[in-house]
Amino acid sequence: MNFFQNIFQQYSWAEVQQSILSKTAADVRRALNTSRRNLEDFKALISPAAMPFLEEMANVSQQLTQKRFGKTIQMYVPLYLSNECQNICTYCGFSFDNKIKRKTLADKEILAEVAMLKAMNYDHVLLVTGEANQTVGVPYLKNVIKLIRPFFSHISMEVQPLDETDYTELIAEGLNTVLVYQETYHQEDYKLHHPKGKKSNFEYRIQTPDRLGKAGIHKMGLGVLIGLEDWRTDSFFTALHLDYLEKHYWQTKYSISFPRLRPFSGGLEPKVVMSDAELVQLICAYRIFKEEVELSISTRENEIFRNNIIKLGITAMSAGSKTNPGGYVVEPESLEQFEISDERSPETIAKMIQQQGYEPVWKDWEMFNCD
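Now for a look at the structure at hand. Sequence order as written defines the numbering, with residues in each chain counted from 1. Restriction of local features to residues with pLDDT of at least 70 applies here, the model being predicted, together with a cutoff of 80 or more for giving and counting side-chain atom pairs; totals for whole chains, interfaces and linings are based on all residues. Hydrogens and water molecules were not included; the side-chain quantities draw on all heavy atoms of the structure.

**Concerning the pattern of salt bridges**
Pairing between side chains of opposite charge can happen when the charged atoms of each approach one another.
Link 1 in the chain: For this document, the term salt bridge refers to a Lys or Arg side-chain nitrogen within 4 Å of an Asp or Glu carboxyl oxygen. Tallied over the entire structure, the rule returns 25 salt bridges.
Link 2 in the chain: With a shortest N-O distance of 3.3 Å, Glu291 and Lys67 are connected by a salt bridge. Of the two residues, Glu291 sits in the loop between helix H14 (276–289) and strand S7 (294–297) while Lys67 sits in helix H5 (residues 54–69), which places them 224 residues apart along the sequence.
Link 3 in the chain: Type-normalised accessible area, obtained with a 1.4 Å probe on protein chains alone, sets the label of each residue: buried when under 20%, exposed when over 50%, and partly exposed for intermediate values. Judged by its relative accessible area of 28%, Glu291 falls in the partly exposed class.
Link 4 in the chain: Under the relative-accessibility criterion, Lys67 is labelled exposed at 59%. Each helix is a run of DSSP H or I of at least 4 residues and each strand a run of E of at least 2, with the numbering of both proceeding from the N terminus.

Have a look at this one:
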């Protein structure tokens, strides 16, 4: 089997970037008017030439989203378990070289956090840790999933990349979804932003979705950290990765997230600033390219933007998020991974969604049948 890394190595970053910039209005019209879109169409939809077509793209995106997902927004919430990390990452508050108080939640503390999340109506939880294999490795994660499984019908995870056998073991315990962001597909810049730790291994990270697919994960999430590199080129490589995965692991579902670089303790200024209009363009481009992919927006974005994006292609949204371990109950003053922008409560967000004629969905399915 050809793994994605073999396909990735056939592409030149500079050539892809130039190809996107050279797309014309005629290319955009063709992408909008065809029913079978390919990666060249995606390039056209994310190109500067597509910006005058933004309203038309938004209309097409809205129609495709409603056809596939109806008028629903899936609600999820992150549960930060630990800020311990062995990596140095230039953009993250949890970076090993950032002198902060480290915290990893014990069972009793996890259950206290879970009780608060259940009081907020959540049934879909995203477990998040730093990348510290000795502290929050597979045994810790396995224990956490066992501990919280009675309380949630959907358990997602965003932690360090693992081996295929590790994923197989965690899936058997009740793990449903894994998010693994490449951060950037620009290899040289990747090394600049990840100088130390296991995360500095570009090849191991880019191979992670293949390991997940072979392990039989129900859903995986892809994405890049927007601001580290040219967002158009990075998004093309994400779309290339998604296209490959859908063909090779067709039984797995996929989601895309759009994290824009946010302030944190120690701060990194974005290399490339993406405007709100450009983020709308990217969201619509993904929806038009792959109408079945789930598109998620987090509390990194501000109230006004999140209000206006509901009808344009987004299918999942977090609310009331805390990005620090114990942030809901146990230790609310511990350092956040990044600053959130939309601080409204889940209840307020749910009302906003309903006011737009959409339904907030707290529980989408039962993962385990009771005998």
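**Examining the side chain of Arg287**
Link 1 in the chain: Locating Arg287 in the fold gives a position in helix H14.
Link 2 in the chain: Note on charges: Lys and Arg go in the positive column, Asp and Glu in the negative column, and His and the chain ends are not counted at all. With no salt bridge to any partner, buried Arg287 finds its closest opposite charge in Glu292, at an N-O distance of 6.7 Å.
Link 3 in the chain: In protein, a polar contact means a hydrogen-donor-capable atom and an acceptor-capable atom, both N or O and within 3.5 Å, with residues adjacent in sequence counting only if both atoms are side-chain atoms; elsewhere, any N or O pair within 3.5 Å suffices. Within the structure, Arg287 has its side chain in polar contact with the backbone oxygen of Glu291 (distance 3.0 Å).
Link 4 in the chain: Excluding residues that lie within four positions of it along the chain, Arg287 makes contacts with Ser61, Leu64, Thr65, Phe69, Glu292, Val293, Leu295, Gly313 and Thr315. Two residues qualify as a contact provided that any one of their heavy atoms is within 4.5 Å of a heavy atom in the partner residue.

**Looking at the layout of surface pockets**
Over the atoms, a rolling probe the size of a water molecule traces out where space has been left empty.
Link 1 in the chain: Volume-wise, the largest pocket comes out at about 280 Å³.
Link 2 in the chain: Grid points spaced at 1 Å over the protein atoms alone were grouped into cavities, where a 1.4 Å probe fits but cannot get out, and pockets, open sets with protein on both sides within 12 Å along at least five of seven lines, with lining residues defined by an atom within 4 Å of a point. Surrounding the largest pocket, Ser35, Arg36, Arg37, Asn38, Leu39, Asp243, Lys247, Ile288, Phe289, Lys290 and Glu291 form its lining.
Link 3 in the chain: Elements with a minimum of two residues in the lining of the largest pocket: helix H13 (231–248) and H14.
Link 4 in the chain: Within the lining of the largest pocket, the residues separate by chemical class into three nonpolar, two polar and six charged. Grid points are joined across faces, edges and corners, and a volume is the space filled by probe spheres set on the points. Asp, Glu, Lys and Arg are counted as charged, while Ala, Val, Leu, Ile, Met, Phe, Trp, Tyr, Cys and Pro are counted as nonpolar; the rest, among them Gly, fall into the polar class.

**Regarding the pairing of strand S1 (residues 72–82)**
For a regular strand, side-chain orientation follows a simple rule: the groups alternate between the two sheet faces.
Link 1 in the chain: A large share of S1 lies buried, amounting to 10 of its 11 residues.
Link 2 in the chain: Of the pairings in the sheet, the one linking S1 to strand S9 (residues 359–361) comprises three bridges and is parallel in character. What sits directly across from Thr72, in S9, is Glu359.
Link 3 in the chain: The pairing of S1 with strand S8 (residues 316–318) spans three bridges and is parallel. Bridge assignment links Met75 to a residue of S8, and that residue is Met317.
Link 4 in the chain: One ladder, built from five bridges, connects S1 with strand S2 (residues 124–129); its direction is parallel. Bridging across to S2, Ser82 finds its partner in Thr129. In this scheme, strands are said to pair when DSSP sees at least two bridges between them.

**Details of the pairing of strand S3 (residues 154–158)**
Link 1 in the chain: Judged by how many residues are buried, S3 sits mostly within the fold: four of five residues are covered.
Link 2 in the chain: Here five bridges tie S2 to S3, and the two strands are oriented parallel to one another. Looking at S3, one finds that Val128 is bridged to Glu158.
Link 3 in the chain: Bridge analysis of S3 against strand S4 (residues 177–179) gives two bridges, and the strand direction is parallel.

**Here's the deal with the nonpolar core**
Link 1 in the chain: Side-chain atoms within 4.5 Å link the members of a nonpolar core, which is a set of buried Ala, Val, Leu, Ile, Met, Phe, Trp, Tyr and Cys residues. If you look at the biggest cluster of nonpolar residues, it comprises 103 residues, and the most contacted ones within it are Ile148 and Phe258.
Link 2 in the chain: In terms of residue count, the dominant contributor to this core is H14 (nine residues).
Link 3 in the chain: Those residues within four positions of Ile148 in sequence are excluded, and the remaining contacts are Ile110, Val114, Val125, Leu127 and Ile155.

**Concerning helix H9 (residues 164–173)**
Link 1 in the chain: Every buried residue of H9 is accounted for by Asp166, Tyr167, Leu170 and Glu173. Buried residues of H9, seen end-on, are gathered within an arc of 115° and therefore sit on one face of the element. Across from the buried face of H9, at angles greater than 90 degrees, the exposed residues are Thr165 and Ala172.
Link 2 in the chain: The inward-facing, buried residues of H9 abut helix H8 (138–148), S3, S4 and helix H12 (208–215).
Link 3 in the chain: Following H9 by one or two positions, Gly174 has its phi on the positive side, about 130°. The reported arc concerns the directions from the helix axis to the C-beta atoms and nothing else.

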